[in-house]
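# Observations on chain architecture
Single-letter residue listing:
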Amino acid sequence: MYAEQSALQCPSCGGMCYFSPVAQALECLSCGKVYNLDQPDDYLARDEFAHNKNVPDADPKSAPPQQTHQCRNCGGEVVFTGPALSENCPYCNGPVVLVPGDSGYKTMALIPFRVDAPFAKRLAQDWIDARICVPADLALTVEQGVVVGLYAPFWTFDSDEAVHYWANYVTYRNNKIRTRKTEGALDIMFDDLLMPASPHVTPLIRDGILHDFDPADLRPYRAGYLAGFAAEMHHQSVMEGLSANETDKDTLIRNHIKDEVNKTAVHGIRYLTDTTGIHYRRILLPVWILHYTYRAHAYRIVVSGIDGRTFGERPFSYRKMALFSAAVTACAMTVGMLLGAQAAF
Amino acid sequence: MILNASLLFSVVALFGLSTYVGLIPVHRMIRRREAQHELRAGSASYLRRMGGVVFVMIWVVTVLCLSTILGDWAVTGDLNAALERAGMRTAVMLEIAASNTGMR
Ligand SMILES: [Zn+2]
Ligand SMILES: [Zn+2]
């Protein structure tokens, strides 16, 4: 950690440096000098690692950070590198306490932040402005929120799935609805499937804002990229990562089967799959998180640090939803009453 | 067209109840719409939010069917006959549904 800290000191004035998303380089907070972090062998960060189910886990452990901030609310553990900008948990905004760092797994690569804090905040506000059925005073609440930059731990998984499936579907012929059975085999290749590597990273973060993952954007793990940001380190073994993401993979496989069957009302899907060729990476992805509280309820808006894509949680205005509901009700009742009046004769 | 207090009360009651119950499907539809436009297509969260259209259908169809009774009642003034006709319509609909699904 000492070596990492000294690498963040400005060689020219001794000041603290942080990673500037705009300059895509280390920037000195005192004198403004910019230091490029690129290296000729950066492309190696794209490499994937093979996983063998029968060989015990031999992934290199990282040197434990001197200290970790642990959230007293959600239990999330993050490391602040360089000048810490926030004293709160990036995941849930809870209070954090300092605990001795424990060694996790070595991060293989990361995508550096490209969107800076003011722009991320603007995007979060724009997202709220574009919602329907929100309380009128919500925009003001969100405006007061603070964005925190976080490198969130993710897996990328490749795998080949040899699936054998059974399913039912429905046919409609000669005015008769019939349920029919089908079965078949199907090969699915998952390539760079992004999976959260921590229970604190919700699938919503991934599916909401990390749409276009490009391995070419990956850079090797270097302290310089983390300077000024929080980061959660990798603590899951590959087996743990695979099993934590089982339900998501199941959803995706079922959807593939539905597409394969390509019939009406496919249901009752069962399948067996033989998984081979698992390759993975442990990576960190840049996320801005804005926390806000509305009527004693906490919400989050997340903004991708890569391309600024935004998604989040928001309260609903019951009054405005009731107007919608009333409008639909009025239409349905008008049509219904006219039909009823006609049917009376 | 016959207007009486109990008919008026029924119309208002159905309207109020449907507006209240409708909060759930409206909430669902908004979340679904947001998912459709903003979540990554085909991702797990996207697929999870896509369901639930059935609830919206059930809500609209139920309100529509109940309103046919009120419409009938409004023109004939005879609630019992209106209920009887609605019962017959329901029976016919169930009959068609049953014969189609081959349950009979
Ligand atoms: Zn300097
Ligand atoms: Zn927390």
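The present account deals with the structure reproduced in this document.

So, how was this worked out
- Residues numbered from 1 in each chain as written.
- Chains lettered and ligands numbered in written order.
- Predicted model: local features only at pLDDT ≥ 70, side-chain atom pairs only at ≥ 80, totals over all residues.
- Heavy atoms only, no water.
- Pairing = 2+ DSSP bridges.
- Helix = DSSP H or I, 4+ residues; strand = E, 2+ residues; numbered from the N terminus.
- Salt bridge = Lys/Arg side-chain N within 4 Å of Asp/Glu carboxyl O.
- Buried < 20%, exposed > 50% of the residue type's maximum accessible area, 1.4 Å probe, protein only.
- Donors = N, O, S within 2.8 Å, 3.2 Å for Na, K, Ca; no water.
- Tetrahedral: all angles 85-135°; square planar, octahedral: opposite > 155°, others 65-115°.

## Describing the sheet that holds strand S3 (residues 34-35) of chain A
Strands in a sheet are paired, the pairing made by backbone hydrogen bonds, and the direction either parallel or antiparallel. Residue and element names in this part refer to chain A. With antiparallel pairing, three strands are arranged side by side in an open sheet as S1-S2-S3. Each having just a single partner strand, strand S1 (17-20) and S3 make up the two edges of the open sheet. With four bridges connecting them, S1 and strand S2 (residues 25-28) associate as antiparallel partners. Considered in S2, the bridge of phenylalanine 19 is made with leucine 26.

## Quick look at the pattern of salt bridges
Close approach of charged atoms allows side chains with opposite charge to pair. Counted under the stated rule, the structure contains 14 salt bridges over all chains. The salt bridge involving arginine 114 of chain A is made with aspartate 217 of chain A; its shortest N-O contact spans 3.1 Å. One end of the pair, arginine 114 of chain A, is in the loop between strand S8 (109-110) and helix H2 (117-129); the other, aspartate 217 of chain A, is in the loop between helix H4 (203-209) and strand S11 (219-220), with 103 residues separating them in the sequence. Close ionic contact of aspartate 207 of chain A with arginine 206 of chain A constitutes a salt bridge, the shortest N to O distance being 2.8 Å. Considered together, aspartate 207 of chain A and arginine 206 of chain A belong to a single accessibility category, that of buried residues. Here the salt bridges do not stand alone but share partners, grouping Arg131 and Arg314 of chain A together with Glu34 and Glu38 of chain B into one network.

## Section: the coordination of the zinc ion (ligand 2)
All names here are of chain A. Summarising the metal site, the zinc ion (ligand 2) is bound by the protein donors Cys71 (SG), Cys74 (SG), Cys89 (SG) and Cys92 (SG), whose distances to it range over 2.2 to 2.4 Å. Taken together, the four donor atoms coordinating the zinc ion (ligand 2) and their angles of 97 to 116° define a geometry best described as tetrahedral. A residue is classified by how much of its surface remains accessible, and cysteine 74, at 30% relative accessible area, is partly exposed. A residue is classified by how much of its surface remains accessible, and cysteine 92, at 24% relative accessible area, is partly exposed.

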